[in-house]
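Close look at the chain arrangement
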Amino acid sequence: TGVNDHLDDGAVGFVVTRGAAVSSDVNYSGINPTDVSASNTDNDTAGITVTPTTGLVTTEAGGTATFTVVLNSQPTADVTIGLSSSDTTEGTVAPASLTFTTANWNTPQTVTLAAAADVDLTHGSAMFNVTSVGLPTVSVTATEVDNDVQSLVVSSTAVSVTEGGTNTFTVRLSAQPVANVTVNVARVSGDTDLSVSGGVTLTFTIANWNT
């Protein structure tokens, strides 16, 4: 009967040794039959199981997602598995690596994904790679839910001026745009008490959006 050892060690041969016969029949006593050779076919395969690999969602508001990693067969030495993010501006991974031993190889270890805080207006996604030397890379895809709101930020909405005097206020964008944004500043139609010098046009880019 084959014995399951959880090792990916291939087909292993063994010999069934048959001892000499013991009998009061002198014709059989002492006869030593031929030993029997056998092979135990292996059913274990080295590999990594990652659960799940899709459908994970993180949020910039602090929401995280997790997946687990476990080995498919018992190793003969420690196995270190590296973890990396394809886009650290959208998602980070912790820990940076996992170590499985001959004792804990079949105990799933948890990996935590977190959204990287940014100031764009788009949802993002990152692919997390689970790698170990000699084994295929397993990729985990996660989506980051953005928490940035598109708006204009004005330093003051109640500015006082005296006749003949001037005053100022500032304008910036609340989040980084993906293209240039033009903002027009003009006097309310029909209001003759105040003027905006020249009728101002402000242009914000992905570089100066928060200035």
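Remember, it's a predicted structure, so these values are computed and weren't measured experimentally.

1. Structural notes on the overall build of the chain
In terms of regular secondary structure, the chain is built from zero helices and 15 strands. For the chain, the residues scored as buried account for 24% of the 211 residues in total. Counting only contacts in the chain whose residues sit at least 6 apart along the sequence, the fraction spanning at least 24 positions is 57%. A total of about 13300 Å² of accessible surface is found on the chain, and carbon and sulfur atoms cover 52% of it.

2. Overview of the nonpolar core
One finds Val50, Phe67, Val69, Ile81, Val111 and Val130 to be the most contacted residues of the largest nonpolar core, which totals 20 residues. Of all elements in the fold, only β3 (48–51), β5 (64–71), β6 (79–85), β8 (97–100), β9 (109–115) and β11 (135–145) reach the threshold of two or more residues within this core. Of the residues forming this core, the biggest block, four residues, is contributed by β5. With sequence-adjacent residues up to four places away left out, Val130 is seen in contact with Ile48, Val50, Phe67, Val69, Ile81, Gly82, Leu83, Pro136, Thr137, Val138 and Val140. In this structure, Val171, Leu173, Phe204 and Trp209 belong to the second largest nonpolar core, which totals five residues.

3. Here we look at unusual backbone geometry
The residue after Thr51, namely Pro52, is reached through a cis peptide bond having omega -15°. The linkage connecting Ala94 with the following residue, Pro95, adopts the cis geometry, with an omega of 0°. With respect to the helices and strands, the residue Pro95 is situated in the loop between β7 (91–94) and β8. Its identity as a non-glycine residue notwithstanding, His6 has a phi of 70°, on the positive side.

4. Things to note about the side chain of Asp44
Within the fold, Asp44 resides in the loop between β2 (36–40) and β3. Buried within the structure, Asp44 lacks any salt-bridge partner; its nearest side chain of opposite charge belongs to Arg18, at an N-O separation of 27 Å. For Asp44, the side chain forms a polar contact with the main-chain nitrogen of His6, separated by 3.3 Å. Residue contacts for Asp44: discarding those within four places in its chain leaves Asn4, Asp5, His6, Leu7, Asp8 and Ser73.

The rules we used
- Residues numbered from 1 in each chain as written.
- Predicted model: local features only at pLDDT ≥ 70, side-chain atom pairs only at ≥ 80, totals over all residues.
- Heavy atoms only, no water.
- Helix = DSSP H or I, 4+ residues; strand = E, 2+ residues; numbered from the N terminus.
- Buried < 20%, exposed > 50% of the residue type's maximum accessible area, 1.4 Å probe, protein only.
- Contact = heavy atoms within 4.5 Å.
- Areas by Shrake-Rupley, 256 points an atom, 1.4 Å probe, with all protein chains shown as cover.
- Core = buried A, V, L, I, M, F, W, Y, C linked by side-chain atoms within 4.5 Å.
- Lys, Arg positive; Asp, Glu negative; His and termini not counted.
- Salt bridge = Lys/Arg side-chain N within 4 Å of Asp/Glu carboxyl O.
- Polar contact = N/O pair within 3.5 Å; in protein donor to acceptor, adjacent residues only side chain to side chain.

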